[in-house]
Amino acid sequence: MSDIIIQTEGLTKQYKKQLAVDHADLSIRRGMICGLIGPNGAGKTTIMKMLGGLVLPTEGTLSIFGGTSEKELAHARSRMSFMIETPYAKQELSAHANIEKMRLQKGIPDPKRVDEVLRQVGLSDTGKKPVSKFSLGMRQRLGIAGALLSKPEIMVLDEPVNGLDPEGIIEIREMLRKLNQELNITILISSHILAELSMLCTDYVFLKKGKILQTITAQDLHKLCGEYYHIHTDNDEKALAVLQNQLGIEKCDVLRDGTLRLFERLDDLPLISRTLYENGLIPVTLHIHEADLESYYMKLAGDDNVESVESNGVADKA
């Protein structure tokens, strides 16, 4: 049996003049926690909606658990759960009453399943407390509890930590990691909080304007962007020329403030420092720094500020 449980080839969605998803090739292996990364309008939500059958592709192919026909995809989706929009719940009902209502609607025969999923998401002790008095984090966990009812093999979660405070974000992160590791649930997740995804995901898919820029494992990503030298001298423009011409440096970024980020020759600090000094340059700052996921995405996508990663101001959420 193949480890690839979701695969798309040339998956495309066109809304009139807007190309929301542009020929996306995607492979999701069993057991992954795969993060979809990109600003609003990058195509993350549209991809998730096409996986769930909520939106039909304009062109391209989609395979889930090996099924490609309409009938096969419908069966495959019964082995998945989706939380793409804000989770719906009756505000006047308790967590138990809401999940019981969902159980009956989904035709799940075992009533014990309600207590099981509430325990899995940490809501088993909420008693008769109405959802209207839940925190946002508790409501998100309730939505995930509903998604767990059918014992899914794949969970598709769109911005599950959006709007949460730091404590709520940590709770959701640890819960998802536990579901992945203990129940072997494959998770496809999107979030604009890139630092949070960097602590959860095993794989990443980087998107911009509907196109997949890169698919990469967390292990390979760490190798690519794990460390760099932050360099600031009394003449950074000259410093860049010296590093390029005399040391053959190619992987060096110039930041908006003129300072430099050097991604190669990280074991040659004495040589770099001496070369700068011999060319009349005074290093004000020269230290090792670990790159983060936001910095890597901005470099990959050609963006030069964090805001462009987190919000790309489009009218509809693609």
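This report concerns the structure included in the present document.

Conventions we followed
Residues numbered from 1 in each chain as written. Predicted model: local features only at pLDDT ≥ 70, side-chain atom pairs only at ≥ 80, totals over all residues. Heavy atoms only, no water. Helix = DSSP H or I, 4+ residues; strand = E, 2+ residues; numbered from the N terminus. Expected span 1.5 Å × (residues − 1). Buried < 20%, exposed > 50% of the residue type's maximum accessible area, 1.4 Å probe, protein only. Arc of directions from axis to C-beta. Contact = heavy atoms within 4.5 Å. Phe/Tyr/Trp six-rings, centres within 6.5 Å; stacked < 30°, edge-to-face > 60°. Lys NZ or Arg CZ within 6 Å of the ring centre and 35° of its normal. Disulfide = S-S within 2.5 Å.

1. Focus: helix 9 (residues 236-247)
Okay, step 1: The terminal C-alpha atoms of helix 9 lie 16 Å apart, and with twelve residues this matches the ideal 16 Å at 1.5 Å per residue to within 8%.
Okay, step 2: For helix 9, the full list of buried residues reads Asp 236, Ala 239, Leu 240, Val 242, Leu 243 and Leu 247. Viewed end-on, helix 9 has its buried residues packed into an arc of 160°, placing them on one side of the element. In this structure, helix 9 carries Glu 237 and Asn 245 as exposed residues pointing more than 90 degrees from its buried face.
Okay, step 3: The elements touched by buried residues of helix 9 are strand 10 (228-233), strand 11 (252-254), strand 12 (260-262) and helix 10 (269-278).
Okay, step 4: Gly 248 occupies a position one or two residues after helix 9 and carries a positive phi of about 70°.

2. Section: the packing of aromatic side chains
Okay, step 1: In total, this model carries three aromatic pairs according to the counting rule given.
Okay, step 2: Arranged with centres 6.1 Å apart and planes meeting at 35°, the rings of Phe 206 and Tyr 297 form a pair that is tilted. On the criterion of sequence distance, the pair formed by Phe 206 in strand 8 (residues 203-208) and Tyr 297 in helix 11 (residues 293-301) is long-range, its members being 91 residues apart. Taken as a pair, Phe 206 and Tyr 297 share a single burial class, namely buried.
Okay, step 3: Of the aromatic side chains, those joined through ring pairs into one cluster are Tyr 204, Phe 206, Tyr 296 and Tyr 297.
Okay, step 4: Between Lys 299 and the ring centre of Phe 263, over which it is positioned, the NZ or CZ distance is 3.9 Å.

3. Considering the state of the cysteines
Disulfides are covalent bonds that link the sulfur atoms of two cysteine residues.
Okay, step 1: If you walk through the whole model with that rule in mind, you get zero disulfides.
Okay, step 2: Counting only cysteine sulfurs, Cys 201 is the nearest neighbor of Cys 34, a cysteine outside any disulfide, at a range of 6.9 Å.

4. Focus on unusual backbone geometry
Okay, step 1: Positive phi, normally seen in glycine, also occurs at Lys 151, with a value near 55°.
Okay, step 2: By the element assignment, Lys 151 lies in the loop between helix 5 (136-148) and strand 6 (154-158).
Okay, step 3: Positive phi outside glycine occurs at Glu 159, with the angle close to 55°.
Okay, step 4: Within the element layout of this structure, Glu 159 appears in the loop between strand 6 and helix 6 (166-183).

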